[in-house]
Structures are given as C-alpha cells and as structure tokens.
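Read off the chains here:
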Amino acid sequence: MSTGLIILLVVTAIVVGITIALYFLGKRAEKKKAEQDEQVEATAQNVSMLIIDKKKMKLKDAGLPDAIVAQTPAYARISKVPIVKAKVGPKVMTLICDAMIFDEIPVKKEVKARVSGLYITSVRGLHGKTEDPNAGKKKKGLRAWALRKQKELKANQ
C-alpha cells in the first residue's frame, strides 16, 4: 500500500468517527432540551407587564441575582443574552427572554407574557397587536444586491 492511500484511510476513519460521535451527542442534547422545555412549560404562568427596556448583554452585567449567575456555566456567562427590564405589578424586574421572541417584544408597551421564573417564553400584546419587526421589509436576493452594487460602482466612476 502506498503512503497516500494509508493517510486517506486514516483521515476517512477519523471523519467517520467524529460524525458518529456528533450524531449521538446531538441526540442526547435534543433529549435534554425536550426535558427542559417540559419543566419550563409546567411552571409557566401568564403575567401582565410593562416593558421598560430590552437589550442583549452579558449575564454578569445584567443585574440578575448572584445565585442565577453562579448556576450558569462559564461559557454562558461571557456570551450575550437577551435581557428585558419590565414592571410587573409594583416591582421592576430584570428577566431573561427567549432569543426567538426577543425582536417581537415592544418597548414602552404593556404586554401579556408567559413567564417561567425569570424566563419569558412568549409575549402577546395586551392592547392591540405586538409589532412584527419584519412587517414592511421584503427580503432581497443576491440579484438585487448585485444590481445595487453595480449602480453604486457606476455612480462612483
């Protein structure tokens, strides 16, 4: 056997091994996510709140309780998470928002939210509809981008 063929077989075996390992790790992560979603849904309750502010920031800078920050893994502490400051009843609270609904949350409006602990899972408008951030925007394709760039180049010449 030639050296090139042996190297090719070893690399192929390593790639297949990594692919199999990632498959099983992904399955395990899906099961954990499903269990966590069930727990969050079991403890969720509907709350009426006035959204004061929302932004993405690091957990340690968000003003959350120390117990929450201590429980999170180290990699999650340095990553930015969607944080919402809201007035729930007479108290102003800092809540963590689901990344999927972060853009839908209107600022300076009263909403009805589904909250599980300090985690907002869904939001509905209390008075009217919540704003859709992509409402008037049409997604442009590669052709439109190329035409726009071509016009810009012609204008600069």
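Residues numbered from 1 in each chain as written. Predicted model: local features only at pLDDT ≥ 70, side-chain atom pairs only at ≥ 80, totals over all residues. Heavy atoms only, no water.

Asks: Honestly, the environment of Met 57 in this entry has me stumped. Any pointers?
Replies: With respect to the element layout, Met 57 can be found in strand β1 (residues 45-58). The spacing of Met 57 and Ile 78 is 21 residues in sequence and 9.1 Å in space, taken between C-alpha atoms. For Met 57, the residues in contact, after removing those within four places along its chain, are Ala 62, Ser 79, Lys 80, Val 81 and Ile 83. (Helix = DSSP H or I, 4+ residues; strand = E, 2+ residues; numbered from the N terminus. Contact = heavy atoms within 4.5 Å.)

Asks: Help me understand the pattern of salt bridges in this model?
Replies: Close approach of charged atoms allows side chains with opposite charge to pair. Summed over all chains, the structure comprises 5 salt bridges. The residue Glu 41 makes a salt bridge to Arg 114 at a minimum N-O spacing of 3.1 Å. One end of the pair, Glu 41, is in helix α1 (residues 3-43); the other, Arg 114, is in strand β4 (residues 110-116), with 73 residues separating them in the sequence. Of the charged contacts, one joins Glu 152 and Arg 148 as a salt bridge, the two residues approaching to 3.3 Å between their closest N and O atoms. Highlighted residues: Glu 152 and Arg 148, both in helix α4 (residues 142-156), separated by 4 residues, approximately one helical turn. (Salt bridge = Lys/Arg side-chain N within 4 Å of Asp/Glu carboxyl O.)

Asks: Got a minute to help me understand a nonpolar patch on the surface in this structure?
Replies: Where nonpolar side chains cluster on the molecular surface, the patch consists of Met 1, Leu 5, Ile 6, Leu 8, Leu 9, Val 10, Ile 14, Ile 18, Leu 22 and Leu 25 and spans about 1000 Å² of accessible area. Counting through the fold element by element, Leu 9 comes out in helix α1. (Patch = residues over 30% accessible without salt bridge, like charges linked within 9 Å, V, L, I, M, F, W, Y side chains within 5 Å. Areas by Shrake-Rupley, 256 points an atom, 1.4 Å probe, with all protein chains shown as cover.)

Asks: Is there a simple way to think about the pairing of strand β3 (residues 91-97) in this case?
Replies: Sheet faces and side chains relate simply in a regular strand, where the side chains alternate between the two faces. Judged from the 6 bridges that link them, strand β2 (residues 80-88) and β3 form a sheet pairing that is antiparallel. In the sheet register, Val 88 faces β3, and the bridge partner there is Lys 91. Hairpin remark: β2 followed by β3, antiparallel, with 2 residues in the connecting loop; positive phi at Gly 89, about 65 degrees. Pairing of β3 with strand β5 (residues 119-125), which is carried by 2 bridges, proceeds in the parallel orientation. Bridging from a neighbouring strand, Cys 97 pairs with Ile 120 of β5. (Pairing = 2+ DSSP bridges.)

Asks: So what exactly am I meant to see when it comes to the sheet that holds β5 here?
Replies: Consider a sheet: its strands pair through backbone hydrogen bonds, and that pairing is either parallel or antiparallel. Here 5 strands make up a closed barrel; going around it, the order is β1-β2-β3-β5-β4 and the pairing mixed. Across the sheet, the axes of successive neighbouring strands diverge by a mean angle of 50 degrees, strand direction being ignored. Bridging between β4 and β5 involves 6 bridges; their strand directions are antiparallel. Within the sheet, the bridge partner assigned to Val 111 lies in β5 and is Gly 125. Taken strand by strand, α1 contacts β1, β4 and β5, and its axis lies near 125 degrees from that of β4. (Axes fitted to C-alpha atoms, helices over the stretch in contact; angles between N-to-C directions.)

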